[in-house]
Amino acid sequence: MFGNLRVGVVIPALDEERNIGAVVSSLLALESGAGRLVDDLVVCDNGSTDATAAVAQEAGARVVAQAVPGYGIACLTALRARRAVDVVLFVDGDQSCLVRQSEDLLAAIAAGADLAIGSRVLGKMERGSLSLPQRAGNRVASLMILALWRHRITDLGPFRAIRAEALEQIDMRDKAYGWTVEMQVKAIRDGLRIVEVPVDSVRRKHGQSKVGGTLKGVVGASIGIVSTILKLRLGF
């Protein structure tokens, strides 16, 4: 299904000791016709105060540390540690993604897409999996991108796959909550082939969301996303 694509996985994680082991194990258990689907898997421990790093390593991940907080900087740190692959798959470490649907994202890349976004809006959403502020933020960002770039999107979901050469081309820089929207807007701007793939979302198994679960997370994410969109439109 995926030809000879070498697949690398990036998982940013903060205090996910009760979730990360299951996520890593499930990803490493995925198989394609040629054997194990995932060739490399890097977890970035973003300053956890629990055993996230140890649990991830025990489950089979390579673990790197980044003490500076931020979703984007955690992804960038993991990317710097990755091995040579053809496709990078981004997955959250909280069990809110159905890992088996990685195959749908990778199939879209194998079919010719440069960037495959897992859209929770197009898939099934378990009650409580996305907070009202998260859904509203998605809608506002989608409308802004439609107005500014004439490109329709439905979700800024973190579950996504991108060709390695496309990732190099768009030169990701955001170190915080603007990471996902930066990737989508730069891909639109550069004329990359983008597809949205329906994915289902479920409530995290353990713990509280760092974005939708706290006022600080909601405000920080909202400011980060909107400011990133405006900066990219102004050419920064």
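So, here's what we can say about the structure. (Residues numbered from 1 in each chain as written. Predicted model: local features only at pLDDT ≥ 70, side-chain atom pairs only at ≥ 80, totals over all residues. Heavy atoms only, no water.)

**Re the sheet that holds strand 8 (residues 160-163)**
No. 1: Overall, mixed pairing links the seven strands, which are arranged 5-4-1-6-8-7-9 in an open sheet. In this open sheet, the two edge strands, each paired with only one partner strand, are strand 5 (62-65) and strand 9 (194-198). In this sheet, neighbouring strand axes are inclined to one another by 20 degrees on average, regardless of whether the strands run parallel or antiparallel.
No. 2: Bridge analysis of strand 4 (residues 40-45) against strand 5 gives four bridges, and the strand direction is parallel. Across the sheet, residue Asp 45 finds its bridge partner in strand 5, namely Ala 65.
No. 3: Against the sheet, helix 4 (residues 102-110) engages strand 1 (7-13), strand 6 (87-90), strand 7 (115-119), strand 8 and strand 9, with an angle of about 25 degrees to strand 8. (Pairing = 2+ DSSP bridges. Helix = DSSP H or I, 4+ residues; strand = E, 2+ residues; numbered from the N terminus. Axes fitted to C-alpha atoms, helices over the stretch in contact; angles between N-to-C directions. Contact = heavy atoms within 4.5 Å.)

**Details of the side chain of Ser 119**
No. 1: Looking at the secondary structure, you find Ser 119 in strand 7.
No. 2: Engagement of the side chain of Ser 119 in a polar contact is seen with the backbone nitrogen of Val 121, the distance being 3.4 Å.
No. 3: Excluding residues that lie within four positions of it along the chain, Ser 119 makes contacts with Thr 154, Asp 155, Glu 196, Val 197, Pro 198 and Val 199. (Polar contact = N/O pair within 3.5 Å; in protein donor to acceptor, adjacent residues only side chain to side chain.)

**Describing a nonpolar patch on the surface**
No. 1: Together, Val 121, Leu 122 and Met 125 line one region of the surface with nonpolar side chains, adding up to about 240 Å² of accessible area.
No. 2: Tracing the backbone through its elements, the reader meets Leu 122 in the loop between strand 7 and helix 5 (132-149).
No. 3: The exposure class of Leu 122 is partly exposed, given its relative accessible area of 44%. (Patch = residues over 30% accessible without salt bridge, like charges linked within 9 Å, V, L, I, M, F, W, Y side chains within 5 Å. Areas by Shrake-Rupley, 256 points an atom, 1.4 Å probe, with all protein chains shown as cover. Salt bridge = Lys/Arg side-chain N within 4 Å of Asp/Glu carboxyl O. Buried < 20%, exposed > 50% of the residue type's maximum accessible area, 1.4 Å probe, protein only.)

**Describing the packing of helix 1 (residues 20-29) against helix 2 (residues 52-59)**
No. 1: At a minimum axis separation of 8 Å, helix 1 and helix 2 run at an interaxial angle of 20 degrees. With respect to helix 2, the element helix 1 is oriented roughly parallel. The hand of the helix 1/helix 2 crossing is right-handed. Where helix 1 approaches helix 2, its residues Ile 20, Gly 21, Val 24, Ser 25 and Leu 28 are matched on the opposing element by Thr 52, Val 55, Ala 56 and Ala 59.
No. 2: Here the contact of helix 1 with helix 2 is built from residues that sort into six nonpolar, three polar and no charged. (Parallel < 35°, antiparallel > 145°, perpendicular 65-115°, else oblique. Left-handed = near helix turned anticlockwise from the far one by under 90°. Nonpolar A, V, L, I, M, F, W, Y, C, P; charged D, E, K, R; others polar.)

**Notes on unusual backbone geometry**
In most cases, non-glycine residues show a negative phi, while peptide bonds are predominantly trans.
No. 1: Even without being a glycine, Asp 15 presents a positive backbone phi close to 50 degrees.
No. 2: Turning to its location among the elements, Asp 15 is positioned in the loop between strand 1 and helix 1.
No. 3: Within the chain, Gln 95 stands out as a residue other than glycine whose phi angle is a positive 65 degrees.
No. 4: Considering the arrangement of structural elements, one finds Gln 95 in the loop between strand 6 and helix 4.
No. 5: Among the residues examined, Gln 95 registers a relative accessible area of 17% and is labelled buried.

**Description of the packing of aromatic side chains**
How two aromatic rings sit relative to each other is given by the distance of their centres and the angle of their planes.
No. 1: This model, assessed by the stated rule, comprises one aromatic pair.
No. 2: The aromatic ring of Trp 149 is capped on one face by Arg 233, whose charged end is 5.5 Å from the ring centroid. (Phe/Tyr/Trp six-rings, centres within 6.5 Å; stacked < 30°, edge-to-face > 60°. Lys NZ or Arg CZ within 6 Å of the ring centre and 35° of its normal.)

**A closer look at the pattern of salt bridges**
No. 1: Inspection of the entire model under this criterion finds eleven salt bridges.
No. 2: When the shortest N-O distance is used, the salt bridge between Arg 189 and Asp 190 registers 3.1 Å.
No. 3: For Arg 189, a relative accessible area of 46% gives the class partly exposed.
No. 4: A relative accessible area of 30% means that Asp 190 is categorised as partly exposed.

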